[in-house]
Structures are given as structure tokens and as C-alpha cells.
Amino acid sequence: MKIKQTTPPRKDLLTLADTTQDEIHGWFDLARKLKKRQRAGKSHQLLAGKTLGMIFQKSSTRTRISFEVGMVQLGGHALFLSANDLQLGRGETVADTARVLSRYVDGIMARVYKHSDVETLARCATVPVINGLSDYSHPCQGLADYLTVLEHKGELEGLKLTYVGDGNNVAHSLLFGGAILGVSVTCVSPSGYQPLPAVVETASKAAKRTGAKIHITADINEGVAGADVIYTDVWASMGQEAEHAKRVEVFKTFQINAQMLSATGKKDTVVMHCLPAHRGEEISDEVMDGPRSIVLDQAENRMHIQKALLASLMV
Ligand code: CP
Ligand code: NVA
């Protein structure tokens, strides 16, 4: 199997903002090949003998398991490193952790609170660093999501994805990814909870090159009309637990339910959620478990796209 390298080769993936359409499609192609090989039981040990160090400052189900299983399928292995159990939890710096880990492992994946921590890791590590979620972005999620849309819709350019909810890390990655891939992204969020203006500006610039439209609104009906995809995420992200009650009040009309789904006016709108979901808050059971929901395909594709990423960055 041949792995296509970008020129100059990419070292890290911290956000989708600095990726290109060609690069993302290269990862999609490889992910689809690896997914087929895995399903056919054919070996694809592209990272035999390699080790991925996985630093977690926050909880995870999908990211931890999909990276770990993905590394095993590629012939390597992964180390789960809870930040609390590392000396990081006792004051060793992120920079020193990056320098030391680089002497042991072939790549680092990190889930952090502050995006600057993953930037420091990337600057100080001599091995590739992948952002497994920061407060600013969740690039692996964005890649898995657009791969899933591509599989379901057969194309990306010209589609409309409407994200309904908090303008958070996941929303940012959808904005960057959509703009680069030619998917128009509308973000429907209450005032005060919209995506960061700098993210919207960067995405809008990239969208000019692909013909996609980036639109931010608080108007649900306007935002979901004509959507090929409607997407949501929790109203209070990890680290915002203390704001949960207040956010439930602010967001209560922003739930994806049968009524909102019918407001798209399309029979084939699909519903996405990065998971974990707070059922009965941002999404109703009926929609989450309904025929338009593709949330489990999304979760599965985390593994396939990350295998493609790992294989391109760590070979
Ligand atoms: N979607 C996602 O990143 O899930 P986890 O928090 O379970 O890793
Ligand atoms: N926005 C959520 C995503 C979880 C995968 C969070 O940061 O908690």
C-alpha cells in the first residue's frame, strides 16, 4: 500500500484550518481503503512496531478506543497516559513532557483543555502530534464527520450542513472542514454562544476559494431550511459542567427533534452527533435512534480516518 505524502510532509494535526482539500481527500481515500481491508480481514500493518503515546487530560470513550484499536490494526500499539498519572499532574511542564516522550514513542495524540497545550506539545516534540480534542478544535472528529457525509451522500461539494447548538470545538472543526471541502456550513446558536469570530473569518476566507457559504445565525427555521445534514453536540462541553443548568435554559429551543428535522424541508436530511449525547437535551431519543441518524457510522469512522492519519504522519 502506498501512502501519499504532502510536500513538505506534515508533522502535526492540530486544527483543520491549515489543511488543504487535496490533503483531506488523500486521507479519505486511504481511510476507505483501510476500512475495506479491515472488513475483508486483510492485513495492513503499516505501523508495525510503532508506538503512539496518548495523553488524556479529559475523559474519552471514542477517541481513546478508536486510536488504540486503530494502532493495533496497523501493527503497532498505543499507550494510554492519563495526565493525572504522569508527572505532568505534579508540575512537569508540557514542553518537557513532549521532549521526553519523543525519546520513547513514534507519535503523540493528546486531549487537552487549553489548545495552547497541544501547540506546545507540537512545538517541543520531535514526533508527530495529533490533537484529540482541545477547547478550540476537534480535527479528528471533523475529518470523520465529512468522511461519513461523503459515504452517505456520495459527494461533498454543494451540500449544506447545519450545526445547531453551542459554537464549540466541534463546531469550529466543522466550519474549517466544510469551508475547505466545499460544504456550506450554517451555525445556528443563541447569541453569546456562537463560534469564535476569528474562526468564522478564517473559514469564510477558505470558503471563498471553494464556493461554500459560511453563515452564523440564531434563527433556527432559517438555519435548518434546505439542510442536507443537521448536526448537534452537547450544550455544556467538558470543563463547563458548572454552567450546565444555565445552558439548558439558554439552549432549550435548540433541540434536534422530529419537528426540527421536518423543518429542513428535505426527505433525505441526515442527523449527526459527535457523541456522547445528552439525550432529551440537544437531541431527542426519537431522532437519535431514528432512520435518519448516522451517529454510529460517524463513531466508527473516527477509527478509519485516524488510521489513515496515523499511517500518513507516522510512517
Ligand atoms: N466524539 C468524541 O470525541 O468522543 P469521546 O469524548 O468519547 O472521545
Ligand atoms: N464539545 C464536546 C465534544 C466531546 C467529544 C466537549 O468538548 O466536551
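Not measured: the values here are computed from a predicted model.

1. Here we look at the sheet that holds strand 3 (residues 107-111)
So, point 1. One open sheet accounts for four strands, arranged 2-1-3-4; its pairing is parallel. Of all strands in the sheet, those bounded by a partner on one side alone are strand 2 (77-82) and strand 4 (129-131). The sheet shows a mean angle of 20° between the axes of neighbouring strands, direction not considered.
So, point 2. This element, helix 2 (residues 62-73), spans strand 1 (51-56), strand 2, strand 3 and strand 4 of the sheet and lies at about 175° to strand 1.

2. What to know about the layout of surface pockets
So, point 1. Its volume calculated, the largest pocket comes out at about 410 Å³.
So, point 2. Lining the largest pocket are 24 residues, with Arg 111, Val 234, Met 238, Leu 275 and Pro 276 sitting closest to its centre.
So, point 3. Looking at the lining of the largest pocket, the elements with two or more residues in it are helix 2 and helix 6 (169-181).
So, point 4. Classifying every residue of the lining of the largest pocket gives eight nonpolar, 10 polar and six charged.
So, point 5. Of the voids in this model, the second largest pocket is the one considered here, and its volume is about 290 Å³.
So, point 6. Elements supplying a minimum of two residues to the lining of the second largest pocket: helix 1 (21-39) and helix 12 (295-314).
So, point 7. Per-element tally for the lining of the second largest pocket: the top contributor is helix 1, with seven residues.
So, point 8. Residue composition of the lining of the second largest pocket, by class: four nonpolar, five polar and seven charged.

3. Remarks on the packing of helix 2 against helix 12
So, point 1. Direction vectors running N to C along helix 2 and helix 12 enclose 55°, while the axes themselves pass 9 Å from each other. One element, helix 2, and the other, helix 12, form an angle in the oblique class. The handedness of the crossing between helix 2 and helix 12 is right-handed. On the side of helix 2, the interface is formed by Arg 62, Thr 63, Ser 66, Phe 67, Val 69, Gly 70, Met 71 and Gln 73, while helix 12 contributes Ala 299, Arg 302, Met 303, Gln 306, Lys 307, Leu 310 and Met 314.
So, point 2. Classifying every residue of the contact of helix 2 with helix 12 by side-chain character gives seven nonpolar, five polar and three charged.

4. Here's the deal with the packing of aromatic side chains
So, point 1. Scanning all chains against the criterion turns up six aromatic pairs.
So, point 2. Ring geometry for Tyr 163 and Tyr 231: centres 5.9 Å apart, planes at 35°, overall tilted. Within this pair, whereas Tyr 163 is found in strand 5 (residues 160-164), its partner Tyr 231 is found in strand 8 (residues 229-232), the two being separated by 68 residues in sequence. As far as the burial class goes, Tyr 163 and Tyr 231 line up, both buried.
So, point 3. On the basis of an interplanar angle of 75° and a centroid distance of 6.1 Å, the ring pair of Phe 251 and Phe 254 is categorised as edge-to-face.
So, point 4. On the accessibility criterion, Phe 251 (0% relative accessible area) is buried.
So, point 5. Look at Phe 254 and you get buried, because its relative accessible area is 6%.
So, point 6. An aromatic cluster is built from Tyr 193, Trp 235, Phe 251 and Phe 254, whose rings are joined through pairwise contacts.
So, point 7. The ring of Phe 80 carries the charged tip of Arg 64 above its face, separated from the ring centre by 3.6 Å.

5. Some remarks on the pattern of salt bridges
So, point 1. Per the stated rule, a full pass over the model turns up 15 salt bridges.
So, point 2. We note a salt bridge from Lys 252 to Glu 249, for which the minimum N-O separation is 2.5 Å.
So, point 3. Taking the shortest distance from any N to any O, the salt bridge between Arg 279 and Asp 289 comes out at 2.8 Å. A residue pair is termed long-range when its members are at least 10 positions apart, and Arg 279 in the loop between strand 9 (270-273) and helix 11 (285-288) and Asp 289 in the loop between helix 11 and helix 12 qualify at 10 residues.
So, point 4. Looking at Arg 279, the relative accessible area reads 42%, which means it is partly exposed.
So, point 5. Sharing partners across several salt bridges, the network here consists of Arg 10, Asp 18 and Glu 23.

6. Observations concerning the site of ligand 2
So, point 1. Around ligand 2 lies a shell formed by Leu 133, Asn 168, Asn 169, Val 170, Asp 233, Ser 237, Met 238 and Leu 275.
So, point 2. Asn 168 is positioned such that a nitrogen or oxygen atom in its side chain is 3.3 Å from a nitrogen atom of ligand 2.
So, point 3. Contacts to ligand 2 include Asp 233, whose side-chain N or O atom sits 2.6 Å from a nitrogen atom.
So, point 4. Taking 270 Å² as the accessible area of ligand 2 by itself, protein coverage stands at 95%.
So, point 5. Because more than half of its atoms lie within 2 Å of the grid, ligand 2 is assigned to the largest pocket.
So, point 6. Considering only residue class, the shell around ligand 2 consists of four nonpolar, three polar and one charged.

7. Let's talk about the environment of Thr 264
So, point 1. When you line up the elements, Thr 264 lands in the loop between helix 10 (258-262) and strand 9.
So, point 2. With relative accessibility at 3%, the residue Thr 264 sits in the buried group.
So, point 3. Spatially, the C-alpha atom of Thr 264 lies 9.1 Å from that of Glu 222, the residues being 42 residues apart in sequence.
So, point 4. Excluding residues within four positions of it along the chain, Thr 264 makes contact with Val 224, Ala 225, Gly 226, Ala 227, Ile 230 and Thr 269.
So, point 5. Engagement of the side chain of Thr 264 in a polar contact is seen with the backbone oxygen of Leu 261, the distance being 3.0 Å.
So, point 6. Polar side-chain contacts of Thr 264 include one of 3.2 Å to the backbone nitrogen of Lys 266.

Thresholds, definitions, all that
Residues numbered from 1 in each chain as written. Chains lettered and ligands numbered in written order. Predicted model: local features only at pLDDT ≥ 70, side-chain atom pairs only at ≥ 80, totals over all residues. Heavy atoms only, no water. Pairing = 2+ DSSP bridges. Helix = DSSP H or I, 4+ residues; strand = E, 2+ residues; numbered from the N terminus. Axes fitted to C-alpha atoms, helices over the stretch in contact; angles between N-to-C directions. Contact = heavy atoms within 4.5 Å. 1 Å grid on protein atoms, 1.4 Å probe; cavity = no way out; pocket = protein on both sides within 12 Å on 5 of 7 lines; lining within 4 Å. Points joined across faces, edges and corners; volume = space filled by probe spheres on them. Nonpolar A, V, L, I, M, F, W, Y, C, P; charged D, E, K, R; others polar. Parallel < 35°, antiparallel > 145°, perpendicular 65-115°, else oblique. Left-handed = near helix turned anticlockwise from the far one by under 90°. Phe/Tyr/Trp six-rings, centres within 6.5 Å; stacked < 30°, edge-to-face > 60°. Buried < 20%, exposed > 50% of the residue type's maximum accessible area, 1.4 Å probe, protein only. Lys NZ or Arg CZ within 6 Å of the ring centre and 35° of its normal. Salt bridge = Lys/Arg side-chain N within 4 Å of Asp/Glu carboxyl O. Near = heavy atom within 4 Å. Polar contact = N/O pair within 3.5 Å; in protein donor to acceptor, adjacent residues only side chain to side chain. Areas by Shrake-Rupley, 256 points an atom, 1.4 Å probe, with all protein chains shown as cover. Sits in = over half its atoms within 2 Å of the grid points.

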